[in-house]
Amino acid sequence: AGLNMPEWLKLEVVEEEDPLAETKLAIKSYIKMKIIDYFDKHFPKFLPKDPESENIIMKEYLDFKEKVKWVARSGGGEGGIPWLHCKIDREGKEYIVISDKITSELAEEGIYKNGLKSIAELFGLEYKPIRTDDGVIRGIIMELEKFAEWLEGNWEINQGTEGA
């Protein structure tokens, strides 16, 4: 009795905030917005039949992950997203490849002024040489399914891309 409580017992835990959280959110939001805008503008109300079920697909019922797949598989095309590519490996697994063309768009929007390698490091994404239809480029690569989940904030990075 008569002892005072040590000061360290009175300290409270404060969670450390990520100083780049707003930048990360802005980059992901920009990518997501570009995909949704492209999908809404370039795909008709009714999409081709689902190869598995033979049902006609109404685009308004597709979730974000499905929209990402349609946009990525479209190959960008006229008015497309020049920095978004779809790559299929020998086993048929689909990957998203983001090329450095995104960096000029992000800089123009005032979102991020550094290069693609810096973006990869910011998020812990894999950045490497990748063979595409346009030749070998250096880009960010991740599984198509994981890419959609990453944009929606449901998946943390640190996954492999063997075979891509």
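Residues numbered from 1 in each chain as written. Predicted model: local features only at pLDDT ≥ 70, side-chain atom pairs only at ≥ 80, totals over all residues. Heavy atoms only, no water.

1. Describing the nonpolar core
Next up, step 1: By size, the foremost hydrophobic cluster in this structure holds 33 residues, and its most contacted members are Ile31, Ile35, Leu84, Ile98 and Phe147.
Next up, step 2: Elements represented by at least two residues in this core include exactly α1 (21-42), α2 (64-73), β4 (94-98), α3 (101-108), α4 (116-123), β6 (135-143) and α5 (144-152).
Next up, step 3: It is α1 that contributes the most residues to this core, 6 residues altogether.
Next up, step 4: For Ile31, the residues in contact, after removing those within four places along its chain, are Trp83, Ile98, Ile102, Phe147, Trp150 and Leu151.
Next up, step 5: Of all hydrophobic cores here, the second largest spans 5 residues; its members include Val97, Ile130, Ile137 and Ile141. (Core = buried A, V, L, I, M, F, W, Y, C linked by side-chain atoms within 4.5 Å. Buried < 20%, exposed > 50% of the residue type's maximum accessible area, 1.4 Å probe, protein only. Helix = DSSP H or I, 4+ residues; strand = E, 2+ residues; numbered from the N terminus. Contact = heavy atoms within 4.5 Å.)

2. A closer look at the environment of Asp100
Next up, step 1: With respect to the helices and strands, the residue Asp100 is situated in the loop between β4 and α3.
Next up, step 2: For Asp100, a relative accessible area of 48% gives the class partly exposed.
Next up, step 3: Counting along the chain gives 17 residues from Asp100 to Lys117, while the straight-line C-alpha distance between them is 8.6 Å.

3. A closer look at the packing of aromatic side chains
Next up, step 1: Taken as a whole, this structure holds 2 aromatic pairs when the rule is applied.
Next up, step 2: Between Phe147 and Trp150, the ring centres sit 6.0 Å apart and the planes meet at 35 degrees, which makes this aromatic pair tilted. Of this pair, Phe147 and Trp150 are both found in helix α5, 3 residues apart, which corresponds to roughly one turn of the helix.
Next up, step 3: By relative accessible area, which is 0% here, Phe147 ends up buried.
Next up, step 4: The exposure class of Trp150 is buried, given its relative accessible area of 3%.
Next up, step 5: An aromatic cluster is present here, built from Phe123, Phe147 and Trp150 joined pairwise through their rings.
Next up, step 6: The residue whose ring lies beneath Lys32 is Phe64, and the NZ or CZ to ring-centre distance is 4.9 Å. (Phe/Tyr/Trp six-rings, centres within 6.5 Å; stacked < 30°, edge-to-face > 60°. Lys NZ or Arg CZ within 6 Å of the ring centre and 35° of its normal.)

4. Remarks on α3
Because the α-helix completes a turn every 3.6 residues, residues three or four places apart line up on one side.
Next up, step 1: Residues of α3 that are buried: Ile102, Thr103, Glu105 and Leu106. Here the buried residues of α3 occupy an arc of 165 degrees about the axis, which is enough to place them on one side.
Next up, step 2: Next to the buried residues of α3 lie α1, β4 and α4.
Next up, step 3: Taken from the residues just after α3, Gly110 is the one with a positive phi, measuring 75 degrees. (Arc of directions from axis to C-beta.)

5. What about the confidence of the model for the protein chain?
Next up, step 1: Taken as a whole, the protein chain shows an average pLDDT of 81; of its residues, 77% reach a score of 70 or greater.
Next up, step 2: When pLDDT is averaged over each helix and strand of the protein chain, the minimum, 62, is found for strand β1 (residues 46-47) and the maximum, 96, for α4.
Next up, step 3: Low confidence marks residues 157-164, where pLDDT is under 50. Its contacts with residues over four positions away, or in another chain, come to 24 contacts. (pLDDT = per-residue confidence, 0-100.)

6. Details of the packing of α1 against α2
Next up, step 1: One way to put it is that α1 packs onto α2 with a least axis distance of 10 Å and a crossing angle of 75 degrees. Here α1 is positioned roughly perpendicular relative to α2, judged by the angle of their axes. Between α1 and α2, the residues in contact are Lys32, Ile35, Ile36, Tyr38 and Phe39 and Phe64, Lys67, Val68, Trp70 and Val71, respectively.
Next up, step 2: Looking at the contact of α1 with α2, its residues break down into 8 nonpolar, no polar and 2 charged. (Axes fitted to C-alpha atoms, helices over the stretch in contact; angles between N-to-C directions. Parallel < 35°, antiparallel > 145°, perpendicular 65-115°, else oblique. Nonpolar A, V, L, I, M, F, W, Y, C, P; charged D, E, K, R; others polar.)

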